[in-house]
Amino acid sequence: MLPFSKLFKNKKNEYNLDKDRLPVHIAIIPDGNGRWAKSRGLPRSAGHKEGSKTLKNIVIYSNNIGVKYLTVYVFSTENWRRPQDEVEALMSLLLGFLKNAEKELRGTEVKIRVIGNVKALAGDLQSEINRVEKLTQNNKGLCLNIALNYGGRDEIISSVKKIAKEVAEGKLGIESIDGNMISNKLYTAGIPDPDLLIRTSGEQRSSNFLLWQTAYTEYWYTDVLWPDFRQKNMDEAIYNFQKRNRRFGGV
Ligand code: IPE
Ligand code: IPE
Ligand code: MG
């Protein structure tokens, strides 16, 4: 693992990043795998395969530069609408990513957590998720949140249901419901809201990602397709973030 000083003094690094003002939590919508493949005359699954290599590299890079939380949207609750063979290819890549995580992320202390409706996933994927989460739970490096079968609306609905149940059982008064209570019932309970959200491939929408948590997140878009996304693109995003003035409704 490269220490900070080495990374930031690297002459090849065009962006002068302030290591004391890194975003604590970066969220990524890694989009454009399909278009990457199409432009090469390859099947969409080839784009996903290349995209999973990018994911591994960006996880390691984020960990090395000292980002604390990275949340990556790998499969949305709407992605089931894709052709079955594509869904299967994505699920099998995710299974492979988790199975290889130990080997690929060795020495990084990355802590993995999956957020989303895990119970609706195939049994082998669920057991792999449990295994990797347990294995890495005490790691002190980057917290990697993999948003898998994740939907922001689903997440808010289930939070509201949990609260409604407590009200119905007489354990909670309606007046005491507040934002913290909702936050604490989301998949991301205990994780600070994202500071920066990156979406690749030129699309500029949230596609149901972290709807509640991104209220004051800075958005950064790039036309680069996810399989082509490199460390320097990440640096550019962080550099841009560091130039912004976040006001949180103040002056
Ligand atoms: C993002 O790439 C990966 C997932 C949604 C899993 P896409 O597959 O959406 O790629 P495009 O948008 O079709 O190019
Ligand atoms: C969002 O990308 C979901 C993931 C990257 C996993 P999509 O490609 O599915 O989003 P839309 O359909 O273009 O909004
Ligand atoms: Mg897409």
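Residues numbered from 1 in each chain as written. Chains lettered and ligands numbered in written order. Predicted model: local features only at pLDDT ≥ 70, side-chain atom pairs only at ≥ 80, totals over all residues. Heavy atoms only, no water.

1. Topic: the site of ligand 1
Part 1 of the argument: If you check the shell around ligand 1, you find 13 residues, and the closest are D31, G34, R35, R44 and R82.
Part 2 of the argument: In the environment of ligand 1, an oxygen atom lies 3.1 Å from a nitrogen or oxygen atom belonging to the backbone of N33.
Part 3 of the argument: Look at ligand 1: alone it shows 380 Å² of surface, and the protein chains cover 86% of it.
Part 4 of the argument: When residues of the shell around ligand 1 are traced back to their parent elements, those giving at least two are α2 (33-38), α3 (44-65) and α4 (84-104).
Part 5 of the argument: The biggest single contributor to the shell around ligand 1 is α2, with three residues. (Near = heavy atom within 4 Å. Polar contact = N/O pair within 3.5 Å; in protein donor to acceptor, adjacent residues only side chain to side chain. Areas by Shrake-Rupley, 256 points an atom, 1.4 Å probe, with all protein chains shown as cover. Helix = DSSP H or I, 4+ residues; strand = E, 2+ residues; numbered from the N terminus.)

2. Thoughts on the packing of α3 against helix α8 (residues 231-243)
Part 1 of the argument: Relative orientation of the contacting elements α3 and α8 amounts to 50°, with a least axis distance of 10 Å. Between α3 and α8, the interaxial angle falls into the category oblique. Here α3 runs over α8; the crossing is right-handed. Contacts between α3 and α8 involve I58, Y61, S62 and I65 on the former and, on the latter, Q231, M234, D235 and I238.
Part 2 of the argument: In terms of residue class, the contact of α3 with α8 is made up of five nonpolar, two polar and one charged. (Axes fitted to C-alpha atoms, helices over the stretch in contact; angles between N-to-C directions. Parallel < 35°, antiparallel > 145°, perpendicular 65-115°, else oblique. Left-handed = near helix turned anticlockwise from the far one by under 90°. Contact = heavy atoms within 4.5 Å. Nonpolar A, V, L, I, M, F, W, Y, C, P; charged D, E, K, R; others polar.)

3. Observations regarding the pattern of salt bridges
Part 1 of the argument: In this structure the tally under the stated criterion is 17 salt bridges.
Part 2 of the argument: A salt bridge links R21 to D18, with the nearest nitrogen and oxygen atoms 3.6 Å apart.
Part 3 of the argument: Residue D18 is classed as partly exposed on the basis of its relative accessible area, which comes to 29%.
Part 4 of the argument: We note a salt bridge from E102 to R131, for which the minimum N-O separation is 2.9 Å. Taken together, the residues span a long stretch of sequence, with E102 in helix α4 and R131 in helix α5 (residues 123-136) at a distance of 29 residues.
Part 5 of the argument: According to the relative accessible area criterion, E102 is partly exposed, its value standing at 39%. (Salt bridge = Lys/Arg side-chain N within 4 Å of Asp/Glu carboxyl O. Buried < 20%, exposed > 50% of the residue type's maximum accessible area, 1.4 Å probe, protein only.)

4. What to know about the sheet that holds strand β5 (residues 196-199)
Part 1 of the argument: Taken in spatial order, the six strands line up as β3-β4-β2-β1-β5-β6 in an open sheet, and their pairing is parallel. Every interior strand has two partners, whereas the edge strands, β3 (111-115) and β6 (218-221), have only one. Averaged over all pairs of adjacent strands, the angle between their axes in this sheet comes to 20°, without regard to strand direction.
Part 2 of the argument: With five bridges joining them, β3 and strand β4 (residues 143-150) adopt parallel strand pairing. In the strand pairing of β4, I112 is matched with L144.
Part 3 of the argument: Packed on one face of the sheet, α4 meets β2 (69-76), β3 and β4 and runs near 155° to β4. (Pairing = 2+ DSSP bridges.)

5. Observations concerning α4
Part 1 of the argument: In this model α4 runs 28 Å from its N-terminal to its C-terminal C-alpha over 21 residues, within 8% of the 30 Å that 1.5 Å per residue would give.
Part 2 of the argument: Approximately 30° is the largest bend angle found in α4, and it occurs at L98.
Part 3 of the argument: Among all positions in α4, only E86, V87, A89, L90, M91, L94, L95, F97, L98 and A101 are buried.
Part 4 of the argument: In this fold, the buried residues of α4 make contact with α3, β2, β3, α5 and β4. (Expected span 1.5 Å × (residues − 1). Bend = angle between axes of the 7 residues up to and from the residue.)

Don't take any of this as a statement about function, it's just geometry.
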